[in-house]
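# Analysis of the macromolecular model
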Amino acid sequence: MSDKHEEQNLAARQRSGYVAIIGRPNVGKSTLLNNILGMKLSITSRKPQTTRHQILGVKTTDNVQTIYVDTPGIHQRRGTAINKYMNRAATSVLNDVDVILFVVQVKQWTEEDQAIVEKLATVDCPVVLVVNKMDKLSSKEELLPLISELSEHYDFAEIIPVSAMNGMNVDVLEQKVAPLLPENEHFYPDDQVTDRSTRFLASEIIREKLIRELGQELPYTSTVDIEKYIEDDDGLVRIHATIYVESTGQKAIIIGKKGARLKSIGTAARQDISKLVDSKVYLNLWVKVREGWSNDERALRGLGYSE
Ligand SMILES: Nc1nc2c(ncn2[C@@H]2O[C@H](COP(=O)(O)OP(=O)(O)OP(=O)(O)O)[C@@H](O)[C@H]2O)c(=O)[nH]1
Ligand SMILES: [Mg+2]
């Protein structure tokens, strides 16, 4: 058989495509991606606007490779450079993917959801509506009328209720998405899980611990920069990281009494990073003030917020 024939045969057997996970903040997009991948790739928290960057999660099973793109929640806050960056990161994917998963929270269709559905008017790929947090629905009888109500908003390819937190129906979602992907050879090696470096994932883990530790007290305008990431010959990973905030008051909050807060953020982050890289981790964590970074395009690029 000629090479060309072989290539065509392979392509006919294999599917590979991009699936964007979009929706307003806090509906469970990153939790869904993590559940699909069976690992913690994208950080999650109770606070809206946790995800700031696009992140790819690649899942390969037999002949199908699905490349999920987790995105920041699309929101209607205006103004600062970082807010604009996040909306751009979320909406720029809409015309570059094969399937869109539009995630909403059960029984909570909001104006922000409405604004997103209006953006979908110009896309021409199938849109699957994922109704998440089904565990919050008290009675199953509510489901059918709910789905019929939601179907009025758009001509969705499918409407799938799931619970990303406990995995309910997530396998069904995956099965419905697979046939919507184009026939292609796999874009990524079958064992690759993401496009992001461990260095980036480590900075995200630190940011997650920061958000979780500080809850509502968190200055929204903090970011993490990994200054050094060194793998020793003996397998130890040494990381020097800086948390940037915008004022000395914010710095004091993060450090806490006698450094207690920073210490517990560091411990939790070190444990997760150690799991991720499967080796011992030494983490040196600093807090520094850098005024106005979140509204300064140049500072943002320096801190990794570039497209
Ligand atoms: N009860 C319930 N909670 C969930 C479910 N999925 C996610 N959550 C919770 O919802 C919150 C937000 O989850 P995330 O995955 O961070 O949401 P997101 O859509 O990625 O949020 P942004 O990145 O801020 O846009 C977290 O506290 C999750 O634990 C679910 O199926 N059921
Ligand atoms: Mg997220």
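Quick caveat: nothing in here was measured; it's all calculated off a predicted structure. (Residues numbered from 1 in each chain as written. Chains lettered and ligands numbered in written order. Predicted model: local features only at pLDDT ≥ 70, side-chain atom pairs only at ≥ 80, totals over all residues. Heavy atoms only, no water.)

### Describing the sheet that holds strand 8 (residues 237-245)
Taken in spatial order, the 3 strands line up as 7-8-9 in an open sheet, and their pairing is mixed. Pairing within the sheet leaves two strands with one partner each, and these edge strands are strand 7 (223-231) and strand 9 (281-289). When the angles between neighbouring strand axes are averaged without regard to direction, this sheet yields 15°. As paired elements, strand 8 and strand 9 share 9 bridges and run parallel to each other. By the bridge assignment for strand 9, I243 is matched with V287. Lying over the sheet, helix 8 (residues 248-255) contacts strand 8 and strand 9, oriented at roughly 150° with respect to strand 9. (Pairing = 2+ DSSP bridges. Helix = DSSP H or I, 4+ residues; strand = E, 2+ residues; numbered from the N terminus. Axes fitted to C-alpha atoms, helices over the stretch in contact; angles between N-to-C directions. Contact = heavy atoms within 4.5 Å.)

### Regarding the nonpolar core
One finds I22, I100, F102, L120, L129 and V131 to be the most contacted residues of the largest nonpolar core, which totals 30 residues. Those residues in contact with I22 that sit more than four places away from it in its chain are K29, T71, I74, A90, V93, L94, I100, L101, F102, V103, I116 and L120. Residues V27, I36, L101 and V170 belong to the second largest nonpolar core, which totals 26 residues. (Core = buried A, V, L, I, M, F, W, Y, C linked by side-chain atoms within 4.5 Å. Buried < 20%, exposed > 50% of the residue type's maximum accessible area, 1.4 Å probe, protein only.)

### Some words on the domain arrangement of the protein chain
Examined at the domain level, the protein chain breaks down into domain 1 (3-180) and domain 2 (198-302). Here the C-alpha centre of domain 2 lies 28 Å away from the C-alpha centre of domain 1. Counting residues at the interface gives 19 residues for domain 1 and 23 residues for domain 2. Surface buried jointly by domain 1 and domain 2 totals about 1700 Å² across both partners, of which 56% is contributed by carbon and sulfur atoms. (Domains from an automatic or database assignment. Buried area = accessible area lost by both parts, 1.4 Å probe.)

### With respect to unusual backbone geometry
For residues other than glycine, phi is negative in most cases, and the peptide bonds are mostly trans. Look at K133: it is not a glycine, yet its phi comes out positive at around 65°. Counting through the fold element by element, K133 comes out in the loop between strand 5 (127-132) and helix 5 (143-150). Even without a glycine there, the phi angle at D278 is positive, about 55°. Assignment of secondary structure puts D278 in the loop between helix 9 (260-277) and strand 9.

### So, the packing of helix 7 (residues 198-214) against helix 9
Where helix 7 contacts helix 9, the two axes come as close as 9 Å, and the packing angle between them is 140°. Between helix 7 and helix 9, the angle is such that the two are oblique. Like other packed secondary-structure pairs, helix 7 and helix 9 cross with a definite hand, here right-handed. Along its contact with helix 7, which presents T198, L201, A202, I205, I206, E208, K209, L210, E213 and L214, the element helix 9 presents R261, S264, I265, A268, A269, D272, I273, L276 and V277. (Parallel < 35°, antiparallel > 145°, perpendicular 65-115°, else oblique. Left-handed = near helix turned anticlockwise from the far one by under 90°.)

### Side note on the coordination of the magnesium ion (ligand 2)
Summarising the metal site, the magnesium ion (ligand 2) is bound by the protein donors S30 (OG) and T51 (OG1), whose distances to it range over 2.0 to 2.1 Å. Taken together, the residues span a long stretch of sequence, with S30 in helix 2 (residues 29-37) and T51 in the loop between helix 2 and strand 2 (55-61) at a distance of 21 residues. T51 shares its class with S30; the two are buried. (Donors = N, O, S within 2.8 Å, 3.2 Å for Na, K, Ca; no water.)

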